[in-house]
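Results of the structural survey
Below, each chain spelled out in residue letters.
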Amino acid sequence: MESDKTIGTSLDSLYTASKKTLAYYDTMAQAFTQDTRDAKMGPLQEKFLALLPAGGRILDFGCGTGRDTRLFLKAGFHVDALDGSSALCKAATLYTGIPVKHMLFQDFHAINHYDGIWACASLLHLPPMELSPVLHHLAEALHDNGILYLSFKYGNFSGFRHGRYFTDFTEASILPYLKFWTGEILNCWKSHDVRPERSKEIWLNLLLKKQAIK
């Protein structure tokens with residue numbers, strides 16, 4: 001296991017965080033798929049989908065294996081999906097039957113396009129200084145009253161862990177990154193990892209609603 005030393009904020013450090021994390025997923029795509037594709041995410045997915053219009057458009061932001069994209073499609077939603085790992089994009093394209101876009105989170109830009117954005121266990125790989133700009137872009141991509149779901153590992157750690165960069169959050173530490181959010185924080189809650197072998201791991205979940213402009 002690599003050191004838990006917090007990464008610096010230089011451009012070189014940010015590049016290293018992204019490069020090493022994406023290299024991990026490209027190398028470990030098959031093992032990651034086996035570990036996560038069958039995870040039972042029903043209660044979280046249901047909370048999110050219940051807030052969206054029937055047949056609305058969803059962006060699966062950091063779709064990984066395509067697990068959630070496939071469920072959203074089966075539920076009758078229009079879904080776009082993207083991921084930063086080329087290997088996971090290929091796997092998710094085969095699994096979901098839709099083309100999954102290979103894109104770094106920092107390169108995503110869209111305006112007023114989605115009813116919901118699902119960022120499940122994806123933004124947690126961004127260093128803190130990169131999180132707010134990406135959240136701004138996600139807010140711009142939502143329709144008025146659109147819904148954003150986020151999840152992070154619970155805690156105060158930031159740095160490399162098991163070959164990937166993580167930024168963990170608590171209910172208090174996430175708030176400074178949401179100061180720009182002019183809508184509602186509908187819910188902020190903790191949950192246990194749904195995989196039995198990791199049931200002691202805690203996640204922070206958030207549901208945000210974009211304010212309608214009158």
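To be clear, the structure that these remarks concern was listed above.
Numbering of residues starts from 1 in each chain and follows the order in which that chain's sequence is written. The predicted origin of the model limits local features to residues at a pLDDT of at least 70 and limits the giving and counting of side-chain atom pairs to 80 or more, whereas totals for whole chains, interfaces and linings rest on all residues. To get the side-chain values, take all heavy atoms of the structure and skip hydrogens and water.

1. Concerning helix α2 (residues 29-36)
Throughout, exposure labels follow a simple rule: accessible area from a 1.4 Å probe, protein chains only, divided by the maximum for the residue type, with under 20% read as buried, over 50% as exposed, and the rest as partly exposed. What counts as a helix is a DSSP run of H or I of at least four residues, what counts as a strand is a run of E of at least two, and both are numbered from the N terminus. Taken together, the buried positions of α2 are occupied by A29, F32, T33 and T36. What you see down the axis of α2 is that its buried residues fit within an arc of 100 degrees, all on one side. Across α2 from its buried face, at more than 90 degrees, point the exposed residues Q30 and Q34. This arc is built from the directions going out from the helix axis to the C-beta atoms.

2. Observations regarding unusual backbone geometry
In the Ramachandran plot, A121 falls in the positive-phi region, its phi being about 55 degrees despite a non-glycine side chain. Structurally, A121 is set in the loop between β4 (114-119) and α6 (128-141). We note that N145 has phi near 70 degrees; this positive angle belongs to a residue other than glycine. With respect to the helices and strands, the residue N145 is situated in strand β5 (residues 142-153).

3. A short note on the packing of helix α3 (residues 42-49) against helix α4 (residues 67-74)
All axes are obtained by fitting lines to C-alpha atoms, using only the stretch in contact for helices, and the reported angles, taken between N-to-C directions, cover 0 to 180 degrees. Close contact between α3 and α4 brings their axes to 12 Å; oriented N to C, the two are set at 50 degrees. Relative to α4, α3 is oriented oblique. Like other packed secondary-structure pairs, α3 and α4 cross with a definite hand, here right-handed. Residues Q45, F48 and L49 of α3 pack against D68, L71 and F72 of α4. Each residue gets one label: Ala, Val, Leu, Ile, Met, Phe, Trp, Tyr, Cys and Pro are nonpolar, Asp, Glu, Lys and Arg are charged, and the others, such as Gly, are polar. Each residue belonging to the contact of α3 with α4 can be placed in one class, and the counts come to four nonpolar, one polar and one charged. By the definition adopted for this analysis, an angle is roughly parallel if under 35 degrees, roughly antiparallel if over 145, roughly perpendicular if from 65 to 115, and oblique otherwise. Note: crossing handedness is left-handed where the near helix turns anticlockwise from the far helix by less than a right angle, and right-handed where it turns clockwise. In this description, contact between two residues means that some pair of their heavy atoms is separated by no more than 4.5 Å.

4. Observations regarding the environment of T182
With respect to the helices and strands, T182 occurs in the loop between β7 (164-167) and β8 (184-192). With 25 residues separating them along the chain, T182 and F157 place their C-alpha atoms 27 Å apart.

5. Some words on the packing of aromatic side chains
Side-chain rings of Phe, Tyr and Trp, where Trp is taken by its six-membered ring, are said to pair if the distance between their centres is within 6.5 Å; with planes under 30 degrees apart they count as stacked, over 60 as edge-to-face, and otherwise as tilted. All told, the structure shown has 12 aromatic pairs when counted by the stated rule. Both rings, one in F169 and one in Y177, keep their centres 5.2 Å apart while their planes meet at 70 degrees; by these two values the pair is edge-to-face. What makes F169 buried here is its relative accessible area of 4%. For the pair F180 and W181, a centre-to-centre distance of 6.0 Å together with 75 degrees between the ring planes defines the contact as edge-to-face. On the basis of relative accessible area, W181 is assigned to the buried category, the value being 10%. Taken together, F48, F72, W118 and Y149 form an aromatic cluster joined through their ring pairs. Ring-over charges, as used throughout, are those where CZ of Arg or NZ of Lys falls within 6 Å of the ring centre and within 35 degrees of the ring normal. For K47, the ring lying beneath its charged end belongs to W189, and the centroid distance is 5.1 Å. Above the ring of F166, the side-chain terminus of R161 is found at 4.5 Å from the ring centroid.

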